[in-house]
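Breakdown of the fold
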2 protein chains.
Amino acid sequence: MSETKILLTEKEAPTSWYNVMADMPNLPKPPLHPATKKPIGPEDLAAIFPMDLIKQEVSADRWIEIPEEVQEIYKLWRPSPLYRAHRLEKALDTPAKIYYKYEGVSPAGSHKPNTAIPQAYYNKKAGIKRLTTETGAGQWGSALSIACKFFEMDCLVYMVKVSYHQKPYRRVFMQTYGANVIPSPSDTTESGRKMLESDPDSPGSLGMAISEAVEVAAQRDDTNYSLGSVLNHVMLHQSVIGLEAKAQLEKAGDYPDVIVGCCGGGSNFAGVSFPFLHDKLTKGAKVRAVAVEPAACPTLTRGKFAYDFGDTAGIVPILNMYTLGHDFMPPGIHAGGLRYHGESPLVSQLYHDGIIEAVSRTQRPCFEAAVIFAQTEGILAAPESSHAIRVAIDEALQAKEAGEARTILFCLSGNGYLDLPSYDAYVSGKLEDYEYPDSLIEESLKKLPVTE
Amino acid sequence: MSETKILLTEKEAPTSWYNVMADMPNLPKPPLHPATKKPIGPEDLAAIFPMDLIKQEVSADRWIEIPEEVQEIYKLWRPSPLYRAHRLEKALDTPAKIYYKYEGVSPAGSHKPNTAIPQAYYNKKAGIKRLTTETGAGQWGSALSIACKFFEMDCLVYMVKVSYHQKPYRRVFMQTYGANVIPSPSDTTESGRKMLESDPDSPGSLGMAISEAVEVAAQRDDTNYSLGSVLNHVMLHQSVIGLEAKAQLEKAGDYPDVIVGCCGGGSNFAGVSFPFLHDKLTKGAKVRAVAVEPAACPTLTRGKFAYDFGDTAGIVPILNMYTLGHDFMPPGIHAGGLRYHGESPLVSQLYHDGIIEAVSRTQRPCFEAAVIFAQTEGILAAPESSHAIRVAIDEALQAKEAGEARTILFCLSGNGYLDLPSYDAYVSGKLEDYEYPDSLIEESLKKLPVTE
């Protein structure tokens with residue numbers, strides 16, 4: 001039998017990130033200023049981002065060198081293993097070959113440190129003393145807490161108040177790495193105070209937490225803001241996932257027919273698939289890339305390609321992207337990391353141009369797939385990752401039905417240790433399925449675009 | 001800088017376990033029958049264990065082949081990485097080199113699957129349809145649940161009732177892998193019913209859960225019992241940890257001066273250290289092996305080397321070991337996996353003969369060490385593992401004070417994702433320290449069943 005884990009040595013690790021903008025037939029339209037609605041320049045972003053990241057945001061270079069300090073820290077968990085899912089294949093009795101890239105081995109338990117580390121690095125280099133951010137489920141906040149501690153910076157995390165109280169494990173995780181975690185809305189910012197005045201018992205929202213984090217960062221010279229998905233430089237940093245996977249598949253003498261990634265803001269899907277899109281866009285490779293989103297928050301599959309705000313309060317730059325509308329409120333599904341109304345502009349443009357595919361799944365079949373996966377491959381997956389597992393299994397079953405070979409690569413974006421309450425709901429039969437009603441999506445989409 | 005992770009390929013993985021009994025100057029005294037107090041033979045164990053494991057329990061062979069089916073499953077997470085703790089060394093400003101073997105990468109998050117998998121394998125081979133066991137903190141129950149699912153056997157876990165209610169994450173973990181988890185004491189066994197009659201609100205204990213699990217296994221031909229520590233065959237299976245670490249250190253051109261492992265029933269300490277004791281006992285290697293136990297349950301450092309029961313009810317074989325007395329009730333420290341009154345007879349004999357060392361630590365300095373470790377190396381350690389981290393750091397600081405080189409290897413036995421409430425207690429300053437009073441230990445030691 002061939003190997004179970006295909007490993008790269010540290011010497012074989014990528015030394016540059018891949019920038020898909022160098023190969024795209026159409027680049028996304030520029031971001032707009034939230035007040036003037038005119039295209040923004042680097043100077044507009046300088047209040048909250050360091051210049052190195054702003055340059056990466058607009059770079060046309062295909063390869064951008066990974067700083068040595070970042071490469072050193074990546075070695076704590078990278079190159080991450082690529083698994084051949086022998087036991088899952090056998091259980092499905094499929095002729096398909098299934099590979100998965102496992103990002104749950106990072107100290108935060110997900111792929112998020114891939115961008116948290118370089119973001120902290122570039123901010124430290126720019127003399128910044130503190131980073132602010134928002135977190136919902138807590139995965140991004142966990143990653144940034146570790147990154148800030150590694151670069152001896154303070155970390156201020158606005159955590160959606162309802163999650164702060166319902167997910168104490170994640171809060172404690174961030175505090176263990178020295179972060180200051182504040183339930184949002186809070187009285188520490190003007191926008192928080194306004195929110196509390198109008199609704200003292202507000203459970204908070206990601207949009208409100210973004211507003212608080214950005215407000216603090218914009219006011220203080222020694223403080224910047226950090227975002228865990230959506231932006232171009234985040235997609236860039238996550239390309240290490242796909243670059244490693246390519247090298248590992250080459251070692252195994254294989255190449256994927258289809259790549260599957262879960263998709264919320266887009267960073268995990270982009271990370272695993274963009275380096276293969278390089279082959280597709282420049283060498284005509286036939287590889288398919290499939291983004292899987294929750295049916296409860298179907299941004300690509302049922303949203304609109306338009307300019308929209310990234311936050312509820314409308315204080316961050318307006319992006320051209322697939323969106324469900326900036327006040328879209330997805331139901332409380334367990335894949336908290338996929339509950340975002342918008343989408344990476346790069347992923348959006350590629351989808352609009354027909355270069356990638358997108359599908360949606362409700363959460364019960366995703367958990368069903370995650371349990372099959374756990375019981376065969378052993379690993380307990382994050383609810384976000386379960387979306388990728390579901391579609392990878394579906395692809396394998398289609399190949400079986402068609403009686404054809406198919407090589408499937410999916411990204412297992414994180415482990416599920418801190419998501420066991422959601423497995424409890426599933427195994428005890430209490431998990432609800434959500435499909436978002438057309439009427440509500442139409443209502444929300446009426447407010448688009450916010451320009452023109 | 002040298003590598004951060006020293007990896008072995010699957011082809012370089014050990015194909016045999018190491019049996020320290022082949023090299024010990026004195027073997028442990030034989031186990032005694034709990035009723036007759038005469039030495040037991042294989043036939044006495046056959047009601048609850050398969051013959052392959054009984055043979056391993058008494059084998060004098062130095063090397064015992066790892067079955068191919070077990071090797072295949074080990075590949076899901078083995079060989080586990082050996083880390084050079086560059087960032088921790090730098091933070092401590094020590095001339096010592098610190099290596100750690102990370103067992104938290106297993107699907108159960110600890111070293112326990114190393115023995116759960118072969119135990120399930122040998123039972124399956126013997127035609128057994130179901131395994132029973134007890135679990136307190138839940139790590140062992142998690143490992144056995146996965147192992148039973150892999151070999152298509154049922155798994156019945158008696159979980160200490162107070163843990164069942166206080167640690168729902170662990171319960172759900174086991175259920176996700178198909179285990180039947182019953183809070184103990186229960187009305188499903190005679191011993192459980194007796195316990196409930198005398199105390200309907202009993203919180204349960206590990207001793208009671210063992211009695212329930214053994215009772216069920218003894219009654220049914222298709223059901224066996226499985227133990228996650230203490231016994232000789234468990235120490236044997238865990239030797240993969242140290243065998244891999246030896247090969248990895250050889251790749252790094254290094255050899256340890258001191259090996260550190262946390263010690264409850266002894267399986268993690270034995271796993272990492274016994275393969276190096278082979279060098280010490282047969283080739284005169286100068287390596288030290290240090291077992292670290294909690295000051296709240298100081299079996300080796302303050303217990304007695306004597307025959308004692310392994311369970312509270314006194315229905316399992318009497319073992320010659322270091323013990324605090326079979327009704328010793330350690331305080332509710334967070335390192336639940338180290339709260340056992342007894343100790344592996346092999347570890348006990350080696351300690352009695354001066355071949356290994358033992359120290360104890362209270363839990364606050366252990367958590368302090370775990371937080372330093374998390375903030376430098378990134379990984380959140382299990383509370384059990386924090387005992388090894390504490391002493392590894394102490395050794396590194398002693399080396400610094402003495403101005404001497406020292407190569408330290410410790411085993412990071414598991415990750416701490418499911419132990420975040422204990423970190424919460426630490427970071428919020430609420431963690432209590434326990435040192436067990438002499439008078440209570442003396443009292444408990446008066447009740448040993450066999451006196452000579």
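**Quick notes on the overall build of chain A**
Looking only at helices and strands, chain A features 18 helices and 15 strands. In terms of C-alpha radius of gyration, chain A reaches 21 Å, essentially the compact-globule figure of 22 Å for 452 residues. Its C-alpha atoms put chain A at 60 × 50 × 45 Å along the principal axes. Across the 452 residues in chain A, those meeting the buried criterion constitute 65%. Counting only contacts in chain A whose residues sit at least 6 apart along the sequence, the fraction spanning at least 24 positions is 77%.

**Thoughts on the nonpolar core**
Grouped together as the largest cluster of nonpolar side chains are 152 residues, with contacts concentrated most on Phe410 of chain A together with Phe410 of chain B. Contact partners of phenylalanine 410 of chain A, with chain neighbours within four places excluded, come to Ile98, Tyr99, Tyr100, Lys101, Val260, Phe373, Ala388, Ile389 and Ala392 of chain A.

**Remarks on the relation of the copies chain A and chain B**
Note that the two copies of the chain are related through a rotation about an axis and a translation along the same axis. Turning chain A through 180 degrees and shifting it by 0.0 Å along the axis lays it on chain B, with an RMSD of 0.3 Å. Both chain copies can therefore be described as sitting about a two-fold axis. Residues of chain A ranked by C-alpha distance from the rotation axis are headed by tyrosine 417 of chain A, positioned 3.1 Å from it. Of the interface residues in chain A, 100% have counterparts in chain B that sit at the interface too, so the contact is made through matching surfaces.

**Section: the pattern of salt bridges**
Residues and elements named next belong to chain A. Tallied over the full model, the rule gives 48 salt bridges over all chains. Notably, a salt bridge pairs arginine 78 with glutamate 244, separated by 2.8 Å at the nearest N-O pair. Of this pair, arginine 78 sits in the loop between helix H3 (68-74) and strand E4 (82-84) while glutamate 244 sits in helix H11 (residues 232-251), placing them 166 residues apart in sequence. Accessibility assignment for this pair places arginine 78 and glutamate 244 in one class, buried. A salt bridge links arginine 406 to glutamate 404; its shortest N-O distance comes to 2.8 Å. Judged by its relative accessible area of 35%, glutamate 404 is partly exposed. Here the salt bridges do not stand alone but share partners, grouping Arg288, Glu357, Glu395, Glu404 and Arg406 into one network.

**Focus on the interface of chain A and chain B**
Between chain A and chain B, the residue contacts involve 48 residues of the former and 48 residues of the latter. Where chain A touches chain B, the interface holds four salt bridges. Residue aspartate 424 of chain A pairs with arginine 171 of chain B through a salt bridge whose shortest N-O separation is 3.6 Å. Seen at the junction of chain A and chain B, the total is 20 residue pairs in polar contact (both at pLDDT 80 or more). At the level of elements, H3, helix H6 (139-150), helix H8 (168-176), helix H15 (363-377) and helix H17 (420-427) of chain A are the ones that each hand at least two residues to the side of chain A that touches chain B. Looking at which element gives the most residues to the side of chain A that touches chain B, the answer is H8 of chain A, with six residues. Of the residues in the side of chain A that touches chain B, the class split is 26 nonpolar, 11 polar and 11 charged.

Scoring rules and cut-offs
- Residues numbered from 1 in each chain as written.
- Chains lettered and ligands numbered in written order.
- Predicted model: local features only at pLDDT ≥ 70, side-chain atom pairs only at ≥ 80, totals over all residues.
- Heavy atoms only, no water.
- Helix = DSSP H or I, 4+ residues; strand = E, 2+ residues; numbered from the N terminus.
- Rg over C-alpha atoms; globule rule 2.2 N^0.38 Å.
- Buried < 20%, exposed > 50% of the residue type's maximum accessible area, 1.4 Å probe, protein only.
- Contact = heavy atoms within 4.5 Å.
- Core = buried A, V, L, I, M, F, W, Y, C linked by side-chain atoms within 4.5 Å.
- Least-squares fit on C-alpha atoms with pLDDT ≥ 70 in both.
- Salt bridge = Lys/Arg side-chain N within 4 Å of Asp/Glu carboxyl O.
- Polar contact = N/O pair within 3.5 Å; in protein donor to acceptor, adjacent residues only side chain to side chain.
- Nonpolar A, V, L, I, M, F, W, Y, C, P; charged D, E, K, R; others polar.

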